[in-house]
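Examination of the molecular architecture
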Amino acid sequence: MKYEAIVIGVSAGGLNALKTILPTLPHDFKIPVIIVQHEHASSDDFLAHYLNDRCMLTVIQADEKIKISSGNVYLAPPNYHLLVEDDKTFSLSIDEHVNYARPSIDVLFETASEAYGNKLIGIILTGANSDGSIGLKEIKKRGGLTIVQEPSKAEVATMPSAAISATQVDYILPLEEIGPFLCKLEENL
Amino acid sequence: MDENIENQNIEITLLLEAIYLKYGYDFRDYAKSSIKRRVMRFMSLSRTNTISEIQHKLIYDKDFFKRFLLDFSIHVTEMFRDPSFYKIIKEKVIPLLRPLPFIKIWHAGCSTGEEVYSMAILLKEENLYEKTRIYATDFNESVINKAKEGIYPLDKMKDYSYNYQKAGGTSDFELYYTSSYEFVLMKKFLKENIVFADHNLATDSIFGEMNMIICRNVLIYFNKNLQNKVIKLFRDSLCEGGFLCLGTKESLIFSKYVNEFEEFASKEKIYLYKGSHYR
């Protein structure tokens, strides 16, 4: 199988973006999805429940040490960095903020890229800062597939624009096309 | 795997081995991904070019190692982190501690002390502080000294005050510190029953018989092997009916000792130690 994981980074406007993409993925979608959504430090697990109610896949907050497996969408817990270990399990940390964020998209993307190499898909969606740009660049460098939401149609263009200027990304797609695109990729695996 | 990553991983393994052999600090069973991020960060801060160069310098230069250790051991914390945790302590744990003649609390991996002072404040407001001793430990001496000083940036106090209110604080948060310029100093009466000490969870042994052990957001940095070792240490240091408090995203589920504990507050990750007859 070519791709073994999808990482998604999203900030301002994320709720709408995620609820557009994730429900289009079928229940037997083989690639696990791992998401950093910037949230306020005191947020609870509302987002996971909200998305889980609307998706065919299981949406849960990532716990440390669990094995990343298909059928699941993992969300980084608020106020923790989410990291991927070489053995494809999660770690969490409360190290300093990166790009003013914890969880930081770069932290997830960089560690996932080390663990999955060219078997990783990285996606940057709407957001008001530039977190994720460095991570997406790493993914590309290691031969992974990079996708960015088309900035002109994004709720907030800053983050996708930053990602595009940092990396020669593979695909720039409008929000509605990202889900179907992933399905097509997965079918051809 | 990418050859470059493979080489770096070898260098990191050797680095951790060198630290252990030379200085006795054991990071070999820490979760690899955050260790690696810290090493990489230290590499750019210390203007070294390779991990092997860090290793070489660490062995021959004690001060360089001290800098490295400091960077390794500060994990960002805050006062009344996860206010609901303190609220549950206040509402459910305190009533069970109140009848005890003397209360011993071990705060393991207390870092710069913010959460230790939070607990002292809570106990003060419950009129239990006078008969409590808090042992606040961390493996790094300079971090422990910072905790002992109790000096924190003034600009954090607004957030801390908000946490304090949400945690069910009954007084005025400003009564617990004095401020000067951009810093605040925690008041002396909060420090009276706190013993700050150097203790390394990875290499040191049992600490004493405790009524409550608080170790939040420390185990997430360890691999399963070290987690089990530390949980055993906690179990051996708790008296029957004692409490073990972990971080919100930590649990005993994967631990060998899960059956010896009972979930006391599941969301806040507070466990009750049932006693040695459950082994």
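Scroll up to find the structure.
Quick summary incoming for the structure in this document. Predicted, not measured: the structure shown is a model, and the values here were computed from it.

1. As for the environment of Phe243(B)
- Positionally, Phe243(B) belongs in strand β8 (residues 238–246).
- For Phe243(B), a relative accessible area of 2% puts it in the buried group.

2. Overview of the sheet that holds strand β5 (residues 183–186) of chain B
Residue and element names in this part refer to chain B.
- Read from one edge of the open sheet, three strands run β3-β5-β4, paired in antiparallel fashion. Each of the sheet's edge strands pairs with one partner strand only, and the pair in question is β3 (151–153) and β4 (177–180). In this sheet, neighbouring strand axes are inclined to one another by 30° on average, regardless of whether the strands run parallel or antiparallel.
- Two strands pair when backbone bridges link them, and β3 and β5 are joined in this way by three bridges, in the antiparallel orientation. Bridge pairing in β5 links Tyr-152 to Val-184.

3. Points about helix α2 (residues 32–45) of chain B
Residue and element names in this part refer to chain B.
- Helix length check: α2 (14 residues) gives 20 Å between terminal C-alpha atoms against 20 Å at 1.5 Å per residue, within 8%.
- Taken as a whole, α2 has its buried residues at Ser-33, Ser-34, Ile-35, Lys-36, Arg-38, Val-39, Phe-42 and Met-43.
- One or two positions beyond α2, positive phi appears at Arg-47, with a value near 50°.

4. Side note on the packing of α2(B) against helix α4 (residues 62–73) of chain B
All names here are of chain B.
- Taken N-terminus to C-terminus, the directions of α2 and α4 make an angle of 135°; their axes are 10 Å apart at the nearest point. When the axes of α2 and α4 are compared, the pair comes out oblique. Of the two possible hands of crossing, α2 and α4 adopt the one that is right-handed. Mapping the contact onto sequence places Ile-35, Arg-38, Val-39, Arg-41, Phe-42 and Leu-45 in α2 and Phe-64, Arg-67, Phe-68, Asp-71, Phe-72 and Ser-73 in α4.

5. Here we look at a nonpolar patch on the surface
Residues and elements named next belong to chain B.
- Together, Ile-151, Phe-183 and Leu-185 line one region of the surface with nonpolar side chains, adding up to about 260 Å² of accessible area.
- Tracing the backbone through its elements, the reader meets Phe-183 in strand β5.
- On the accessibility criterion, Phe-183 (42% relative accessible area) is partly exposed.

6. Points about the interface of chain B and chain A
- Residue-level contacts link 29 residues of chain B with 27 residues of chain A.
- Where chain B meets chain A, there are six salt bridges.
- Lys249(B) is the salt-bridge partner of Asp63(A), the closest N and O atoms lying 3.3 Å from each other.
- Linking chain B with chain A are 15 residue pairs in polar contact (both at pLDDT 80 or more).
- Counting only elements with at least two residues in the side of chain B that touches chain A, the list comes to α1 (3–23), α2 and α10 (224–237) of chain B.
- Top element by residues in the side of chain B that touches chain A is α2(B). It accounts for seven residues.
- Taken together, the residues that form the side of chain B that touches chain A break down as nine nonpolar, ten polar and ten charged.

7. Re the pairing of strand β10 (residues 270–273) of chain B
Residues and elements named next belong to chain B.
- Covered by surrounding structure in β10 are Ile-270 and Leu-272 together with Tyr-271 and Tyr-273, the residues of both alternating faces.
- Relative to β10, β8 runs antiparallel, the two sharing three bridges. Directly across from Phe-243, in β10, lies its bridge partner Leu-272.
- As paired strands, strand β9 (residues 261–265) and β10 are joined by four bridges and run antiparallel to one another. Counterpart to Ala-265 in the pairing with β10 is Ile-270.
- With antiparallel pairing between neighbouring strands as the criterion, β9 and β10 make up a hairpin whose turn holds four residues, including Lys-269 at a positive phi of roughly 60°.

8. Describing the pattern of salt bridges
- Evaluated as defined, the whole model comprises 27 salt bridges over all chains.
- With its nearest N and O atoms 2.8 Å apart, the salt bridge here joins Asp95(A) to Arg38(B). Highlighted residues: Asp95(A) in the loop between β6 (90–93) and α3 (105–116) and Arg38(B) in helix α2, drawn from two different chains.
- Judged by its relative accessible area of 8%, Asp95(A) is buried.
- You can call Arg38(B) buried: its relative accessible area is 4%.
- Across the salt bridge formed by Arg216(B) and Asp82(B), the nearest N and O atoms sit 2.7 Å from each other. On the criterion of sequence distance, the pair formed by Arg216(B) in the loop between β7 (210–215) and α10 and Asp82(B) in the loop between α4 and α5 (83–97) is long-range, its members being 134 residues apart.
- Judged by relative accessible area, which is 21%, Asp82(B) ranks as partly exposed.
- When salt bridges with common partners are traced through the structure, they connect Asp95(A), Glu96(A), Arg38(B), Arg41(B) and Asp71(B) into a single cluster.

9. Let's talk about the layout of surface pockets
- In this structure, the second largest pocket spans a volume of roughly 760 Å³.
- Forming the boundary of the second largest pocket are 32 residues, of which Glu110(A), Glu114(A), Lys36(B), Arg37(B) and Met40(B) lie nearest the centre.
- If you list the elements that add at least two residues to the lining of the second largest pocket, you get β5 (81–84), α3 and α4 (133–141) of chain A together with α1 and α2 of chain B.
- Counting residues per element, the lining of the second largest pocket draws most heavily on α2(B), which supplies seven residues.
- Residue classes in the lining of the second largest pocket are distributed as seven nonpolar, ten polar and 15 charged.

Definitions and cut-offs
Once a new chain begins, its residue numbering starts again from 1 and follows that chain's sequence as written. Chains carry letters from A onward and ligands carry numbers from 1 onward, assigned in written order. Where local features are concerned, this predicted model is filtered to residues with pLDDT of at least 70; where side-chain atom pairs are given and counted, the filter is 80 or more; whole-chain, interface and lining totals use all residues. No hydrogens and no water enter the side-chain calculation; it runs on all heavy atoms of the structure. Secondary structure elements are taken from DSSP: a helix is a run of H or I of four residues or more, a strand is a run of E of two residues or more, and numbering for both begins at the N terminus. Burial classes follow relative accessibility: with a 1.4 Å probe on protein chains only, a residue under 20% of its type's maximum area counts as buried, one over 50% as exposed, and anything between as partly exposed. DSSP bridges decide pairing: two strands pair if at least two such bridges lie between them. Axis angles are defined between N-to-C directions and span 0 to 180 degrees, where every axis is a line fitted to C-alpha atoms and, for a helix, only to the segment in contact. Given the number of residues in a helix, its expected span is that number minus one, multiplied by 1.5 Å. Throughout, the term roughly parallel applies to angles under 35 degrees, roughly antiparallel to angles over 145, roughly perpendicular to angles from 65 to 115, and oblique to all others. Here a crossing is called left-handed whenever its near helix is offset anticlockwise from the far helix by less than a right angle, and right-handed whenever the offset is clockwise. The criterion used for residue contact is that any of the two residues' heavy atoms lie within 4.5 Å. Like-charged residues within 9 Å of one another, or nonpolar side chains (Val, Leu, Ile, Met, Phe, Trp, Tyr) within 5 Å, are grouped into patches, provided each residue has over 30% relative accessible area and no salt bridge. Using a 1.4 Å probe, the Shrake-Rupley method yields the accessible areas, and only the shown protein chains count as cover for residues. For this document, the term salt bridge refers to a Lys or Arg side-chain nitrogen within 4 Å of an Asp or Glu carboxyl oxygen. Any pair of N or O atoms that falls within 3.5 Å is considered a polar contact. Within protein, one atom must be able to donate a hydrogen and the other to accept it, and sequence-neighbouring residues count only if both atoms are side-chain atoms. Each residue gets one of three labels, nonpolar for Ala, Val, Leu, Ile, Met, Phe, Trp, Tyr, Cys and Pro, charged for Asp, Glu, Lys and Arg, and polar for the others, Gly among them. In this analysis the probe radius is 1.4 Å and the grid spacing 1 Å, with only protein atoms considered; a cavity is a set of points the probe fits into but cannot get out of, a pocket is an open set with protein on both sides within 12 Å along at least five of seven lines, and lining residues have an atom within 4 Å of a point. Grid points are joined across faces, edges and corners, and a volume is the space filled by probe spheres set on the points.

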